[in-house]
Amino acid sequence: MNEIPRFLRPFVVDHPDLPPAVSAAGNLDLYLPGGPGPHPVVLLVHGGPVPDDLGVSPRGWPVMRGYAALLVAAGVAAAVVDHRLHVVDAPEGPTVDAVSAAADVAAAAATLRARTDLDGDRVGYWVFSGGGLLSADWLRDRPAWLRAILLSYPLLATPAPLLPVEERLHLDPRFAPIEAVAEAGAQAPPIVLTRVGRERPLLAGFVEEFVTAAANTPLEIIDVPDGQHAFDVLDDTDQSRAALHTAVARAVELIRR
């Protein structure tokens with residue numbers, strides 16, 4: 001029997017059905033809560049790098065739909081964007097195309113902010129895993145309308161210097177969240193970091209470097225001591241569910257300020 005791919009595993013929190021998606025753009029699905037708008041909105045940014053031929057785009061992954069459903073049930077809009085965080089061939093060698101991915105996310109935010117059924121001055125970004133690299137722009141130069149950044153088991157640096165040359169992936173140096181958060185200091189947006197206790201050692205080290213660099217920022221940490229990377233689909237436990245409900249509640253509180 002074939003194992004279910006991680007990205008198709010069920011979300012560990014039961015949730016109401018999502019309302020029909022509003023196609024806000026070709027790569028962007030929007031889910032609106034009931035009641036009159038304009039609604040605050042959280043933009044969900046998947047991880048990667050991902051292949052571009054998975055068959056099910058991130059907008060259809062149970063984990064992305066699960067987070068969206070919890071946010072909508074809490075009374076805020078949720079949007080899921082497909083972005084191009086792929087590995088591409090480049091003259092310098094295999095490269096993580098964070099530049100294209102960041103452009104996709106910025107365009108999604110602009111599309112959402114232009115809608116009259118959304119409150120363009122109350123937007124949150126929630127990034128996962130490799131999508132954490134894309135947070136550097138938002139940390140370094142926060143727009144006034146960005147109310148919070150949520151980071152779930154994020155990748156916050158690349159391990160290239162620690163790998164043999166033939167295994168390295170290149171990345172534009174602009175995508176360095178650890179340096180960006182240190183530069184931002186108190187000007188950074190509120191940050192909610194969900195940290196897992198069973199993270200891969202290299203990624204866990206980057207997370208601790210980020211926490212140190214963020215000493216002067218409005219940083220909150222939600223710990224999942226027994227959680228692993230992608231705990232929201234891999235660890236069907238009360239601890240996982242408690243952490244997820246806490247993170248959703250903080251997202252809603254912060255973007256409604």
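- Going by what an unreviewed UniProt entry lists, the chain is known as Acetyl esterase/lipase and is assigned to Asanoa ferruginea.

## As for helix H4 (residues 177-184)
Logical step 1: Burial in H4 covers these residues: Pro-177, Ile-178, Ala-180, Val-181 and Ala-184. Looking straight down H4, one finds its buried side chains confined to an arc of 165°; they lie on one side.
Logical step 2: Those residues of H4 hidden inside the fold are in contact with helix H3 (135-140), strand E9 (191-196) and helix H5 (201-213).
Logical step 3: Just downstream of H4, Gly-185 is the residue with a positive phi angle, here 55°.

## Digging into the pairing of strand E3 (residues 39-45)
Logical step 1: Judged by how many residues are buried, E3 sits mostly within the fold: seven of seven residues are covered.
Logical step 2: Residues of E3 alternate between two faces, with His-39, Val-41, Leu-43 and Val-45 on one and Pro-40, Val-42 and Leu-44 on the opposite face, all of them buried.
Logical step 3: As paired strands, E3 and strand E4 (residues 77-81) are joined by five bridges and run parallel to one another. Looking at E4, one finds that Val-42 is bridged to Ala-78.
Logical step 4: Remark: the E3/helix H1 (residues 62-73)/E4 crossover connection has right-handed handedness.

## Examining the sheet that holds E9
Logical step 1: Strand order in this open sheet of eight strands is E1-E2-E4-E3-E7-E8-E9-E10, and the pairing throughout is mixed. The open sheet has two edge strands, strand E1 (22-25) and strand E10 (219-224), and neither has a second partner. Averaged over neighbouring strand pairs, the angle between their axes works out to 20° when direction is ignored.
Logical step 2: Where strand E8 (residues 146-152) lies against E9, four bridges are found, and the strand directions are parallel. Along E9, the bridge assignment pairs Ile-149 with Ile-191.
Logical step 3: The sheet strands contacting helix H7 (residues 238-255) are E3, strand E7 (118-128), E8, E9 and E10, and the helix crosses E10 at an angle near 160°.

## Regarding the confidence of the model for the chain
Logical step 1: Of all residues in the chain, 96% have pLDDT values of 70 or greater, and the mean over the chain is 92.
Logical step 2: A low-confidence stretch, residues 162-166 stays under pLDDT 50, and its non-local contacts, those more than four residues away or across chains, total two contacts.

## Focus: the packing of aromatic side chains
Logical step 1: Within the structure shown, the criterion is met by nine aromatic pairs.
Logical step 2: Judged by centre distance (6.2 Å) and plane angle (90°), the ring pair of Tyr-125 and Trp-145 falls under edge-to-face. Placement of the pair is Tyr-125 in strand E7 and Trp-145 in the loop between H3 and E8, with a sequence separation of 20 residues.
Logical step 3: Judged by its relative accessible area of 17%, Trp-145 falls in the buried class.
Logical step 4: Measuring from ring centre to ring centre gives 5.9 Å for Trp-126 and Phe-128, while their planes differ by 10°; the resulting arrangement is stacked. Taken as a pair, Trp-126 and Phe-128 share a single burial class, namely buried.

Cut-offs used in this document
Residues numbered from 1 in each chain as written. Predicted model: local features only at pLDDT ≥ 70, side-chain atom pairs only at ≥ 80, totals over all residues. Heavy atoms only, no water. Buried < 20%, exposed > 50% of the residue type's maximum accessible area, 1.4 Å probe, protein only. Helix = DSSP H or I, 4+ residues; strand = E, 2+ residues; numbered from the N terminus. Arc of directions from axis to C-beta. Contact = heavy atoms within 4.5 Å. Pairing = 2+ DSSP bridges. Right-handed = clockwise from strand over helix to strand, strands pointing away. Axes fitted to C-alpha atoms, helices over the stretch in contact; angles between N-to-C directions. pLDDT = per-residue confidence, 0-100. Phe/Tyr/Trp six-rings, centres within 6.5 Å; stacked < 30°, edge-to-face > 60°.

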